[in-house]
Amino acid sequence: MKYFRIAAAGVALALSSPSLPAGAAEAVNLILNWTPTADHSPFYYAKAQGWYEKAGIDLTIESGKGSGVSSLKVGSGGSAFGIADLGTMLVAKSKGADVVALMSIYANTGQTFYWLKSYGVNGPKDFPNHKIGNPPGDASRVMWPAFAKAAGIAADSVNFVNVGPTAKVAALKGHSVDIISDFYNEHDRKVIEFGDDLGYVNWKDIGLNPYGNSLIVNGAYLAKSPKVVHDFVTVSQKAFAACVENVDPCLKALLDSASGLDKENQQRQWERIKYLMTDEFTTTKALGWIDGERMKKDYELVQTYLGMEKPFEVETSFSTKMLDPSIKMDASKVTVKK
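The structure presented is a predicted model; accordingly, all values stated were derived computationally and were not measured.

Asker: Please set out empty space enclosed by the protein residue by residue, giving values where relevant.
Answerer: Think of a ball as big as a water molecule: rolled over the atoms, this probe shows where empty space is left. Throughout the structure, instances matching the rule amount to two cavities of 30 Å³ or more. The volume enclosed by the second largest cavity comes to roughly 30 Å³. Surrounding the second largest cavity, Met103, Ser104, Ile105, Phe240, Met277, Thr282, Leu287 and Gly288 form its lining. Considered class by class, the residues forming the lining of the second largest cavity number five nonpolar, three polar and no charged.

So, in structure tokens, the structure goes:
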């Protein structure tokens with residue numbers, strides 16, 4: 001990956017406090033894409049630090065049950081903000097959800113296939129005649145024809161086996177499947193479990209790099225309360241920049257708010273997440289930047305493989321106007337190099 005330097009002045013501005021708005025605090029809900037993990041820790045950190053409160057925002061963070069649920073809740077006005085995979089959000093928008101993406105969290109796709117070399121797989125060219133385990137609605141299964149085309153293999157050359165999200169590693173270990181799909185931020189768990197026998201390919205490695213989890217907002221709420229939205233986004237940017245600088249207090253805020261999480265696992269996840277956050281736009285334009293040309297490609301990819309119930313102009317699905325360009329992703333803090 002190519003990395004870019006950021007100006008020291010940008011860091012200083014990124015860590016400065018937002019101005020205090022006049023008036024009573026605005027009650028705001030943020031629905032996550034799933035249960036809280038390391039990639040959500042900046043929101044918990046900013047809340048614990050009182051940054052949202054200082055910006056006039058009374059924030060409630062709600063656990064989610066998938067990007068489809070968060071996209072629909074935000075799109076219906078049930079929550080002002082949410083976290084969702086951008087491809088899933090685009091599908092929801094085509095079905096009438098009033099949603100707009102404001103900030104990318106995963107500038108690079110987290111979609112990854114994992115296998116064991118001892119099973120006779122050394123790369124995508126070896127996938128044919130093997131079994132891939134994942135849930136029926138898994139995005140990697142739905143988008144499989146795109147992966148197969150990019151990898152130069154026939155889409156019908158593999159067999160899919162239904163495996164729940166939490167059972168993937170066990171299925172691979174027990175050899176009920178030869179390959180599994182999972183997100184790259186969970187990469188280290190597989191390394192610890194399988195060691196040198198582990199093989200993997202991130203979709204970016206074969207030329208497929210759709211945006212992943214992103215901050216989204218209800219479109220009507222954006223039109224009604226642009227200042228609140230702007231303040232929420234810039235505080236969130238500031239929090240992500242602070243967590244990139246030092247994740248320890250961010251993970252403490254997360255662990256204080258969410259039970260059942262292993263600190264070391266979350267620390268490992270965060271190192272991978274920093275890699276997923278970093279691209280040529282987040283390091284030069286603004287942390288969380290969403291590029292228009294990439295969005296066009298994502299729209300075409302989703303339209304081809306997931307379908308758009310009611311097509312729309314892709315420019316209406318995202319905005320970078322709420323981002324503070326002085327807050328940039330610091331690539332020097334990324335320890336993972338692919």
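Asker: Run through the pattern of salt bridges, naming residues and quoting values.
Answerer: For side chains bearing opposite charge, pairing can occur when the charged atoms are close. Going through the model one piece at a time under the given rule, you end up with ten salt bridges. A salt bridge links Lys252 to Asp256; its shortest N-O distance comes to 2.8 Å. Residue Lys252 and its partner Asp256 are both found in helix H12 (residues 248-257); the two are separated by four residues, about one turn of the helix. Of the two residues, Lys252 and Asp256, both sit in the exposed class. A salt bridge links Glu293 to Lys296; the nearest nitrogen and oxygen atoms lie 3.4 Å apart. Highlighted residues: Glu293 and Lys296, both in helix H14 (residues 292-305), separated by three residues, approximately one helical turn.

Asker: Go over the environment of Ala146, please, and point to the residues and values.
Answerer: With respect to the helices and strands, the residue Ala146 is situated in helix H7 (residues 144-151). Overall, the relative accessible area of 6% leaves Ala146 in the buried class. Taking the C-alpha atoms as reference points, Ala146 and Leu208, 62 residues apart in sequence, are found 8.2 Å from one another. With residues up to four places along the chain from it excluded, the contact list for Ala146 reads Leu208, Leu301 and Tyr305.

Asker: I'd like a description of the sheet that holds strand S6 (residues 131-134), backed by residues and values.
Answerer: Ordered in space as S7-S6-S8-S5-S9, the five strands form an open sheet in which the pairing is mixed. The open sheet has two edge strands, strand S7 (159-162) and strand S9 (198-202), and neither has a second partner. Across the sheet, the axes of successive neighbouring strands diverge by a mean angle of 30°, strand direction being ignored. Where S6 meets S7, four bridges bridge the pair, whose relative direction is parallel. Along S7, the bridge assignment pairs Lys131 with Asn159.

Asker: Explain H7 residue by residue, including any values.
Answerer: For H7, the full list of buried residues reads Trp144, Ala146, Phe147, Ala148 and Ala151. Against strand S5 (111-116), S6, helix H6 (139-142), S7, S9 and H14 lie the buried residues of H7. Once H7 finishes, Gly152 follows within two positions and takes phi at roughly 75°, a positive value.

Asker: Break down the sheet that holds strand S3 (residues 81-85) for me, citing the residues and quoting the values.
Answerer: With mixed pairing, five strands are arranged side by side in an open sheet as S2-S1-S3-S10-S4. The open sheet has two free edges, formed respectively by strand S2 (57-62) and strand S4 (99-104), since each of these has just one partner strand. Across the sheet, the axes of successive neighbouring strands diverge by a mean angle of 30°, strand direction being ignored. Where strand S1 (residues 26-31) lies against S3, two bridges are found, and the strand directions are parallel. Residue pairing across strands places Ile31 opposite Gly82, the latter belonging to S3.

Parameters at a glance
Residues numbered from 1 in each chain as written. Predicted model: local features only at pLDDT ≥ 70, side-chain atom pairs only at ≥ 80, totals over all residues. Heavy atoms only, no water. 1 Å grid on protein atoms, 1.4 Å probe; cavity = no way out; pocket = protein on both sides within 12 Å on 5 of 7 lines; lining within 4 Å. Points joined across faces, edges and corners; volume = space filled by probe spheres on them. Nonpolar A, V, L, I, M, F, W, Y, C, P; charged D, E, K, R; others polar. Salt bridge = Lys/Arg side-chain N within 4 Å of Asp/Glu carboxyl O. Helix = DSSP H or I, 4+ residues; strand = E, 2+ residues; numbered from the N terminus. Buried < 20%, exposed > 50% of the residue type's maximum accessible area, 1.4 Å probe, protein only. Contact = heavy atoms within 4.5 Å. Pairing = 2+ DSSP bridges. Axes fitted to C-alpha atoms, helices over the stretch in contact; angles between N-to-C directions.

Everything listed is a geometric property; what it means functionally is a separate question.
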